[in-house]
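Observations on the three-dimensional arrangement
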Amino acid sequence: LAEAAEVVRKAGRENGGICVDTLHFYRSNTLLSELDALPKDWFRFMQLCDAPKEAPSTHDELIYAARSDRKFVGEGGLDLAAVLHRLPLMPYALEIPNAQLALTMSPIDFAKRAIETARSYLDATHMAPVMSR
């Protein structure tokens, strides 16, 4: 996060910003207080997923988890609400590649489950955007 913030600062552009990916936020050992120190208008978009609280122990396992083993929102051990509550309401992209589940579910069922779990989590944490249906 500190490196991304430095890029945005040095660019000095009004449209500069940071996209937080919750998996990478926690795997990089970024502190929640670091979010508090940055301008809120730098955050306009977020990639949301969950994962086990404990990070994999090897580099190869970290890469595999990031590319092929993310969890649906609320089905892992990351404190997603702590990040969400520090940032302004924004669009969330559900970044949930999961190779194992992709073999057992249709793409439509996978997408439905991703949306349902995210909606349920966001409702429970009072972070659901107001949307018309």
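In short, a report on the structure. Small disclaimer: the values here were computed from a predicted structure and weren't measured. (Residues numbered from 1 in each chain as written. Predicted model: local features only at pLDDT ≥ 70, side-chain atom pairs only at ≥ 80, totals over all residues. Heavy atoms only, no water.)

1. Description of the side chain of T30
Quick note on the threshold: Segments assigned H or I by DSSP are reported as helices when at least four residues long, segments assigned E as strands when at least two residues long, and all are numbered from the N terminus. Distance and chemistry together define a polar contact, namely a pair of N or O atoms within 3.5 Å, with one atom able to donate a hydrogen and the other to accept it when in protein, and with adjacent residues in sequence counting only for side-chain atoms on both sides. Between two residues, a contact is recorded if the distance between any of their heavy atoms is within 4.5 Å.
Take T30: it is sitting in the loop between α2 (22–27) and α3 (32–36). For T30, the side chain forms a polar contact with the side chain of S28, separated by 2.7 Å. What T30 contacts, discounting residues up to four positions off in sequence, is L1 and F25.

2. Here we look at the environment of A51
Selection criterion: When a residue's accessible area, from a 1.4 Å probe over protein chains only, is under 20% of the maximum for its type it is buried; when over 50% it is exposed; and in between it is partly exposed.
The topology assignment puts A51 in the loop between β2 (46–48) and α4 (59–68). Classification of A51 as buried rests on a relative accessible area of 3%. Through-space distance from the C-alpha of A51 to that of L23 is 6.8 Å; in sequence the pair is 28 residues apart. Beyond its immediate sequence surroundings of up to four residues, A51 is in contact with L23, R27, K71, G76, G77 and L78.

3. Section: unusual backbone geometry
The backbone phi angle of N29 is positive, close to 60°, even though this residue is not glycine. Within the secondary structure, N29 sits in the loop between α2 and α3.

4. Notes on α4
When α4 is considered as a whole, its buried residues turn out to be A65, A66 and S68. Where α4 is buried, its residues touch α2 and α6 (99–102).

5. What to know about the sheet that holds strand β3 (residues 92–94)
To be explicit about the condition: Note on pairing: two strands pair once DSSP finds at least 2 bridges between them.
Ordered by their spatial adjacency, three strands build an open sheet running β1-β2-β3, and the pairing between neighbours is parallel. The sheet terminates laterally at β1 (20–21) and β3, the two strands that pair on one side only. Note that β1 and β2 share two bridges and pair parallel. Residue pairing across strands places D21 opposite Q47, the latter belonging to β2.

6. Details of the nonpolar core
Stated precisely, the cut-off is as follows: For this analysis, a nonpolar core means a set of buried residues of the types Ala, Val, Leu, Ile, Met, Phe, Trp, Tyr and Cys, connected via side-chain atoms within 4.5 Å.
Ranked by size, the top nonpolar core spans 33 residues in total, and within it V20, F43 and M46 carry the most contacts. If you list the elements that add at least two residues to this core, you get α1 (2–11), α2, β2, α5 (80–84) and α7 (107–124). Per-element tally for this core: the top contributor is α7, with five residues.

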